[in-house]
Amino acid sequence: MFPDNIFVNIINTLGIIAFALSGAVAGMKKEADVLGVVILSLIAASCGGIIRDLMLGDLPPELLRSNFILSLAVFSGLLTFFCYHRVDRLHHHIDILDALGLGLYAVVGADKAMAFGITPTWCVGLGLVTAVGGGIARDVMLAQVPTILKSEIYATPALLGALILVAGQSWRPEYGDVFLALGAVVCSSLRLLAIHFHWHIRR
Amino acid sequence: MFPDNIFVNIINTLGIIAFALSGAVAGMKKEADVLGVVILSLIAASCGGIIRDLMLGDLPPELLRSNFILSLAVFSGLLTFFCYHRVDRLHHHIDILDALGLGLYAVVGADKAMAFGITPTWCVGLGLVTAVGGGIARDVMLAQVPTILKSEIYATPALLGALILVAGQSWRPEYGDVFLALGAVVCSSLRLLAIHFHWHIRR
Amino acid sequence: MFPDNIFVNIINTLGIIAFALSGAVAGMKKEADVLGVVILSLIAASCGGIIRDLMLGDLPPELLRSNFILSLAVFSGLLTFFCYHRVDRLHHHIDILDALGLGLYAVVGADKAMAFGITPTWCVGLGLVTAVGGGIARDVMLAQVPTILKSEIYATPALLGALILVAGQSWRPEYGDVFLALGAVVCSSLRLLAIHFHWHIRR
């Protein structure tokens, strides 16, 4: 786990809010009611970590043992419902926070998976699941093909971040924190570059 | 858990049948075959409780240890497949049974969650999941946006019922049964009033 | 569990590849990018077994403890992405391999479930889940009504295969392997006949 420093906590909080807002905005577009918007906000923010913990057998999932994600998601959902136009206008800024969350989730998810006796390759996979699971669950709930399966550079940076963490941890476990930071920075930077330059994967 | 009295058992049985029929009817509308209709009937009746138990780590889920829900769901599925028009014509009556099941599932789900070391707020959440999870799974399986996310007063009563149970249990654990009954009655009544007066949440 | 003989291993490998290819082809049709195709390939090949293990509480799921399915799925996904037209042209051959995998998954899934204290009827159900869960997850991810819920003879053979195994095992546990083989052969043959003669269930 990351050292519990304030910088990581800020990124984590911003990332959760960005994920939650993405769920809430998607719910507004499909005309969900206020409780529906809050539910979608919570799903987008929490499903990645919940699916990871279900797969690892760490039950009840970590995030059900605190109200941290739950309160951020309820707040984000209500904010979006009652100030939709303002939130929607901020979507470029939200994308940037989302990129920060993506990197953090990918490395933290992969790092946690390494303690549960699954293969390193699957640890990378669970890092990816932690990072993109919420977005997939949000889209599946709304009967849409998940955007991240399509030509957008979103899952690739998360995969790369998780890969750096797992490869690094396996090679030099004593520098675990360095690879955590490196994986997160590479993932978030790549995602930010993809947003800034409108990169798409060509088919 | 509720005292095992005959009145609660009747409501429980009727509620399961109502949930199962909703799944079966949705399957018929999407042209599922006989086994598909039975599968959807089972999903609608069981997924709320299964998701709750997965999240709590109470595995295998409670309802896989008996054939009660399974037989009711198979029966409801076959009945719907072979007597579709009669079942569909009863949909107002089914809605009423469904409201009874909703209240019971919400409080029983929240009550069970309280023994598993998660926060009270998440217990309310799992009560909601128990009550509406089957309906969400049914709609997601059929590639539809879950109706309960939209402007229908369905999830709100379930949330309220679970909230009454959790707040009551935390405040006065010795009156647990009273709050179970109160939460279920408030949830079911509110849902029945919403059906009767065609209440919708305005956006 | 099946005796670890080479014949069973070959069927197992071919079945996994067939399932994975079905996921990859479905992803290509919905314009997923290369990572999306690989993810769908993995989901189609693994979700049946993962859902079964989640329900049984055997966590982390069996197949996360080896890279076998993961590597076959990544290989199948990349193959499909880069040689789509060739793979798509082979779909009749893939259907045949898929039928072999279906039979094997159904009996192996039901057999495993019998050791976990759930009712025999639910064991049959989990055999079915193991066999068809990957296909359902693939379709749900792509916002399509699962084809197996519709008028195609796919889930029925799997149900029958699992039923033969569970009934046989309960009646004469000492002939477990015989019923494993019998269930798998009946399921796969029925599915192959359904493909060959274009059988459909009439509504």
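From a predicted model like this one, the values you see are computed outputs, not experimental measurements.

Quick notes on the rules
Residues numbered from 1 in each chain as written. Chains lettered and ligands numbered in written order. Predicted model: local features only at pLDDT ≥ 70, side-chain atom pairs only at ≥ 80, totals over all residues. Heavy atoms only, no water. Least-squares fit on C-alpha atoms with pLDDT ≥ 70 in both. Contact = heavy atoms within 4.5 Å. Core = buried A, V, L, I, M, F, W, Y, C linked by side-chain atoms within 4.5 Å. Buried < 20%, exposed > 50% of the residue type's maximum accessible area, 1.4 Å probe, protein only. Phe/Tyr/Trp six-rings, centres within 6.5 Å; stacked < 30°, edge-to-face > 60°. Lys NZ or Arg CZ within 6 Å of the ring centre and 35° of its normal. Buried area = accessible area lost by both parts, 1.4 Å probe. Salt bridge = Lys/Arg side-chain N within 4 Å of Asp/Glu carboxyl O. Polar contact = N/O pair within 3.5 Å; in protein donor to acceptor, adjacent residues only side chain to side chain. Helix = DSSP H or I, 4+ residues; strand = E, 2+ residues; numbered from the N terminus. Patch = residues over 30% accessible without salt bridge, like charges linked within 9 Å, V, L, I, M, F, W, Y side chains within 5 Å. Areas by Shrake-Rupley, 256 points an atom, 1.4 Å probe, with all protein chains shown as cover. Nonpolar A, V, L, I, M, F, W, Y, C, P; charged D, E, K, R; others polar. Expected span 1.5 Å × (residues − 1).

Undergrad: Sorry if this is basic, but what is going on with the relation of the copies chain B and chain A here?
TA: One copy of the chain maps onto the other through a rotation about an axis followed by a shift along the same axis. Under the fitted operation, chain B is carried onto chain A by 0.0 Å of movement along the axis and a turn of 120°, and the coordinates agree to an RMSD of 0.0 Å. Those values place the two copies in the arrangement expected of a three-fold rotation axis. Across chain B, the smallest distance between a C-alpha and the rotation axis is recorded for Ala-143 of chain B, namely 2.9 Å. When the interface residues of chain B are mapped onto chain A, a mere 14% of them again lie at the interface, so each copy presents a different face.

Undergrad: Would you mind going over the nonpolar core with me for this structure?
TA: Side chains of nonpolar character tend, in soluble globular proteins, to be buried together. In this structure, Val-132 of chain A, Val-132 of chain B together with Val-132 of chain C are the most contacted members of the largest nonpolar core, which totals 205 residues. Here Val-132 of chain C is in contact with Leu-102, Ile-148, Tyr-154, Ala-155 and Ala-158 of chain C, once residues within four sequence places are set aside.

Undergrad: Explain the packing of aromatic side chains to me, please; I cannot follow it from the model alone.
TA: For any two aromatic rings, the description comes down to two numbers: the centre-to-centre distance and the angle of the planes. Under the criterion given, the structure shown has nine aromatic pairs over all chains. Looking at Arg-172 of chain A, its charged tip hangs above the ring of Trp-171 of chain A, at a distance of 4.9 Å from the centre.

Undergrad: Would you mind going over the interface of chain B and chain A with me for this structure?
TA: For interface size, the figure often reported is the accessible area lost on association. Residue-level contacts link 29 residues of chain B with 26 residues of chain A. Taken over both partners, the interface formed by chain B and chain A buries close to 2300 Å², and the fraction arising from carbon and sulfur atoms is 73%. Where chain B meets chain A, there are zero salt bridges. Taken together, the links from chain B to chain A amount to six residue pairs in polar contact (both at pLDDT 80 or more). Broken down by secondary-structure element, the contributors of at least two residues to the side of chain B that touches chain A are helix 2 (34-56), helix 6 (120-141) and helix 7 (155-171) of chain B. Looking at the side of chain B that touches chain A, the element that brings in the most residues is helix 6 of chain B, giving six residues.

Undergrad: Is there a simple way to explain the pattern of salt bridges in this structure?
TA: Two side chains bearing opposite charge may form a pair once their charged atoms approach each other closely. All names here are of chain A. Evaluated as defined, the whole model comprises 21 salt bridges over all chains. In this structure, the salt-bridge partner of Arg-52 is Asp-53, at a minimum N-O distance of 2.9 Å. Asp-53 sits in the buried class, given a relative accessible area of 1%. Overlapping salt bridges bring together Arg-52, Asp-53, Asp-58, Glu-62, Arg-65 and Lys-112 as one network.

Undergrad: Is there a simple way to think about a nonpolar patch on the surface in this case?
TA: Residue and element names in this part refer to chain A. Together, Ile-6, Phe-7 and Ile-10 line one region of the surface with nonpolar side chains, adding up to about 360 Å² of accessible area. Positionally, Ile-6 belongs in helix 1 (residues 6-29). Take Ile-6: its relative accessible area is 67%, and that puts it in the exposed class.

Undergrad: Just checking my understanding: could you explain the interface of chain C and chain A for this structure?
TA: Between chain C and chain A, the contact holds 26 residues from the first and 29 residues from the second. Counting the surface lost from both chain C and chain A, the interface buries some 2200 Å², and carbon and sulfur atoms represent 73% of this. Linking chain C to chain A there are six residue pairs in polar contact (both at pLDDT 80 or more). Broken down by secondary-structure element, the contributors of at least two residues to the side of chain C that touches chain A are helix 2 (34-56), helix 3 (68-82) and helix 6 (120-141) of chain C. Sorting elements by how many residues they give to the side of chain C that touches chain A places helix 2 of chain C first, with seven residues. Tallied by class, the residues present in the side of chain C that touches chain A amount to 19 nonpolar, three polar and four charged.

Undergrad: Explanation requested: unusual backbone geometry in the structure shown.
TA: Negative phi values dominate among residues other than glycine, just as trans dominates among peptide bonds. Between Leu-59 of chain A and the following residue, Pro-60 of chain A, the backbone shows a cis peptide bond with an omega angle of -10°. Counting through the fold element by element, Pro-60 of chain A comes out in the loop between helix 2 (34-56) and helix 3 (68-82). Here Ala-143 of chain B, not a glycine, exhibits a phi torsion of approximately 60°, which is positive. Along the polypeptide, Ala-143 of chain B turns up in the loop between helix 6 and helix 7.

Undergrad: Would you mind going over helix 7 of chain B with me for this structure?
TA: Residues spaced three or four apart along an α-helix face the same direction, because each turn holds 3.6 residues. An ideal rise of 1.5 Å per residue puts 24 Å on 17 residues; helix 7 of chain B measures up with 24 Å between its terminal C-alpha atoms. Residues of helix 7 of chain B that are buried include every one of Ala-155, Pro-157, Ala-158, Gly-161, Ala-162, Leu-165, Val-166, Gly-168 and Gln-169 of chain B, and no others. Contacts made by the buried residues of helix 7 of chain B are with helix 2 of chain A together with helix 5 (91-113), helix 6 and helix 8 (176-196) of chain B.

So far we have only geometry, and geometry alone does not tell us how the molecule works.
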